[in-house]
Amino acid sequence: MGMGKMKFDDLTEKPDLSRAMLLRIGRYFAPYWKQTACVLLVLLATSVLGLLPPLLVQQIVDRALPKGDMSLLVWLVSASLAATLASGLLGVLQSYLNSYISQNIVYDMKNQMYRHLQGMPLQFFSTVQQGEVITRMTSDIAGIQGVFSGTVVSVASNVLILASTAGTLFWMNWKLALVSVIIIPLFITPTRRMGSIRWKLAKRTQEKTAEQNHIVEETLSLSGYMLMKLFTREQREWNRFREANAETTSLQIRESMAGRWFMMLVNTFASIGPMLIYLYGGYLFIQGEISVGAILTFVALLGRLYAPAGALTNLYVEIKRSVALFQRIFAYFDMEPQIVDRPGASPLRLGANYGSSQASGDSNTPATAEIEFREVSFAYQSDKPSLRNISFTAPAGTMTALVGPSGAGKTTITNLIPRLYEAASGQIRVAGQDITSYTLHSLRSQIGLVTQDTYLFNGTIRENLLYASETAGEEELIRACRAAYIHDFIASLPEGYDTVVGNRGIKLSGGEKQRIAIARVLLKNPSIVILDEATSALDTVSEYYVQQAMAELLRGKTGIVIAHRLSTIMAADQILVVSGGEIAERGRHAELLDRGGIYRELYDKQFGQAVPQP
Ligand code: ADP
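Owing to the predicted nature of the structure, the values given are computational and were not obtained by experimental measurement.

K.L.:
Any chance you could explain the pattern of salt bridges here in plain terms?
P.N.:
Side chains that differ in charge, positive against negative, can pair when their charged atoms come close. Per the stated rule, a full pass over the model turns up 18 salt bridges. Where Arg-240 meets Glu-218, a salt bridge forms, and the shortest distance between an N and an O atom there is 3.8 Å. In this pair, Arg-240 is assigned in helix α11 (residues 234-286) and Glu-218 in helix α9 (residues 184-219), connecting sequence segments 22 residues apart. A relative accessible area of 31% places Arg-240 in the partly exposed class. Given the relative accessible area of 36%, Glu-218 is considered partly exposed. The partner of Glu-234 in a salt bridge is Lys-229, with the nearest N and O atoms 3.1 Å apart. On the basis of relative accessible area, Lys-229 is assigned to the partly exposed category, the value being 33%. Through salt bridges with shared partners, a single ionic network connects Arg-136, Asp-140 and Arg-328.

So this is what it looks like as structure tokens:
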């Protein structure tokens, strides 16, 4: 289906800084242009306000102090205080706007991502690495919140501060200003080097951390843990984990030390600046060209020159990182194909059944739909067809059993009916029309699927049942559970229908879970029922109840059953023997046995000894 195997982390290697990409990113910022404009205004104001205190120092030293003018002194100090206070207040406003914009972009992207992932085909979830979806949803999108302040705000504020400061310095004394500016390159080189070293280290740390998480996920999950224990791989896994952990640790130390060296260098260079100013400024003072106040102002303003220069140097890395982040997310958004409604799709309406949530088991079960496969082929991977030219008709209200060796394609056939996967060629028809002509919602509303590994989410039995039909009342619930032969069991639990199941609740046996799943489908009351019989042996009593529940579920429905039990196979209206992605034989039990083909072979292997021939 053209999804291919994509390694998302590769994308961080080469951020795409093309116009199209930047425009695409810009679209997420666009709705917040008003707030962004406000941020820029605030930044402009704070960069000007920040100049005031150093400039006032000059007035204090050159005017208030020599004249002994106390009131001027108080006035100047107050003005300086006011400027600081005002820029502090504006800083708060800016933080608010920042986080308002950032969080809203995160909000928009999260929603879009969730909606997008919901629309992804099943294939996606079977190929994507465990935990990957969560990472994409949480840490990548969360990373976006730093983008606005890391790029837009950073560029604007640093450029404004740098420009306003440099302008002021040159306006005060161009010679001294030139000396101040000359040492800026000293900051740029080490900053750039350290920036790139840290970036590389950070990337490797991230990779190692991911590896570590992967080991944890693999070995400390329920099934991974069992695998590890049963194959006594603890020591090996422990070594692997320790190694990855040790590497992460040393990388992290190196990363923080790279930062430390950088700080030391910058601090050293930063102290060269004032010394140069004192030296050359002192000379100019002796020449009578500038005042003491001007020298002090110069020194005070130097910080506003060097810090932004350093910050701007590393901005490119920050921008690349941000673009890469967006790219990783966009890679997800770009993943197609999704199985969606065809334009002009119409709802599938099946008799009185449509839209009703009545439990079945009534004698007046409504008319049901016919399923027809016409020359259907399908491949999970383009080079290896899993189904070839499957054609059959399952008349309304009958039960079709799919039998065959494992890996033959039985599950694949059933997954095509609710369009969990899309047939590559051929046609699947329900109620006389191509299933792609129906809306997905209406099609799936008519299909009940009970798989082998029943999924019950963490919650009460009632909540699990009501997932099928939120509006079902207590009576319907009990009726469905009675029909599924599970009511008595549920009622015998201390908390009855409010018993919590799943990781945080009681453990149910395979048979009990399957019967709850059957009750859930009964509540949904679909016209088409797809059942995958459990291959694992249930005890005789469980099996009996599951069989009864299944029979109840199939009553009056069009049923497709992946059958493993002889009783089911014998009750089927038709048997399709699937082998190697094709229908090898078809017919009823007795005919197929007589034919002496694959079916006969399967039968002899599985049931030959235990059950006498009819
Ligand atoms: P059955 O249900 O008869 O045991 P399946 O329909 O599950 O067989 O599988 C048919 C073939 O398709 C097998 O070769 C299996 O390996 C392959 N297959 C099943 N699911 C996937 C998947 N998600 N991705 C790729 N190949 C798959």
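Let's pick the thread back up.
K.L.:
Hey, could you run me through the sheet that holds strand β4 (residues 425-430) in this one?
P.N.:
In a beta sheet, neighbouring strands are held together by backbone hydrogen bonds and run either parallel or antiparallel to one another. Read from one edge to the other, the open sheet built from four strands follows the order β2-β1-β4-β5, with strand pairing classed as antiparallel. Two strands bound the open sheet, and with one partner strand each, they are β2 (384-394) and β5 (433-434). Sheet topology note: the β4/β5 ladder contains two bridges and is antiparallel. Note on β5: the bridge partner recorded for Arg-429 is Asp-434.

K.L.:
How do you make sense of the site of the ligand when you look at a structure like this?
P.N.:
Near the ligand, the surroundings consist of 15 residues, among which Gly-407, Gly-409, Lys-410, Thr-411 and Thr-412 are the closest. Taking Ser-386, its side chain carries an N or O atom lying 3.3 Å from an oxygen atom of the ligand. A distance of 3.1 Å separates an oxygen atom of the ligand from a polar backbone atom of Ala-408. Taken by itself the ligand offers 560 Å² of open surface, and the protein chains cover 69% of this. Secondary structure elements with two or more residues in the shell around the ligand: α5 (122-127), β1 (371-381), β2 and α14 (410-416). Element by element, the count of residues in the shell around the ligand is highest for α14, at three residues. Of the residues in the shell around the ligand, the class split is four nonpolar, nine polar and two charged.

K.L.:
Help me understand the nonpolar core, please; the structure alone is not making it clear to me.
P.N.:
It is characteristic of soluble globular proteins that their nonpolar side chains tend to be buried jointly. If you look at the biggest cluster of nonpolar residues, it comprises 46 residues, and the most contacted ones within it are Ile-461, Leu-465, Ile-518, Leu-531, Leu-553, Ile-575 and Tyr-599. Here this core takes seven residues from helix α19 (residues 510-524), the largest share from any one element. Not counting residues within four places of it along the chain, the set of residues in contact with Leu-465 comprises Leu-477, Cys-481, Tyr-497, Ile-516, Ala-519, Arg-520 and Leu-523. By size, the runner-up hydrophobic cluster in this structure holds 33 residues, among which are Tyr-32, Met-113, Leu-117 and Leu-325.

K.L.:
How do you make sense of the UniProt feature "transmembrane region" (unreviewed entry) in the chain when you look at a structure like this?
P.N.:
With numbering aligned to this structure, UniProt lists the feature "transmembrane region" (unreviewed entry) at residues 73-93, 141-163, 169-188, 261-286 and 292-317. End C-alpha to end C-alpha, residues 73-93 measures 30 Å, and it is 100% helix and 0% strand. Helix makes up 90% of residues 169-188 and strand 0%, whereas the separation of the span's terminal C-alpha atoms amounts to 20 Å.

Each value, and the rule that gives it
Residues numbered from 1 in each chain as written. Predicted model: local features only at pLDDT ≥ 70, side-chain atom pairs only at ≥ 80, totals over all residues. Heavy atoms only, no water. Salt bridge = Lys/Arg side-chain N within 4 Å of Asp/Glu carboxyl O. Helix = DSSP H or I, 4+ residues; strand = E, 2+ residues; numbered from the N terminus. Buried < 20%, exposed > 50% of the residue type's maximum accessible area, 1.4 Å probe, protein only. Pairing = 2+ DSSP bridges. Near = heavy atom within 4 Å. Polar contact = N/O pair within 3.5 Å; in protein donor to acceptor, adjacent residues only side chain to side chain. Areas by Shrake-Rupley, 256 points an atom, 1.4 Å probe, with all protein chains shown as cover. Nonpolar A, V, L, I, M, F, W, Y, C, P; charged D, E, K, R; others polar. Core = buried A, V, L, I, M, F, W, Y, C linked by side-chain atoms within 4.5 Å. Contact = heavy atoms within 4.5 Å. UniProt positions renumbered as here; feature names shortened; annotations may be inferred.

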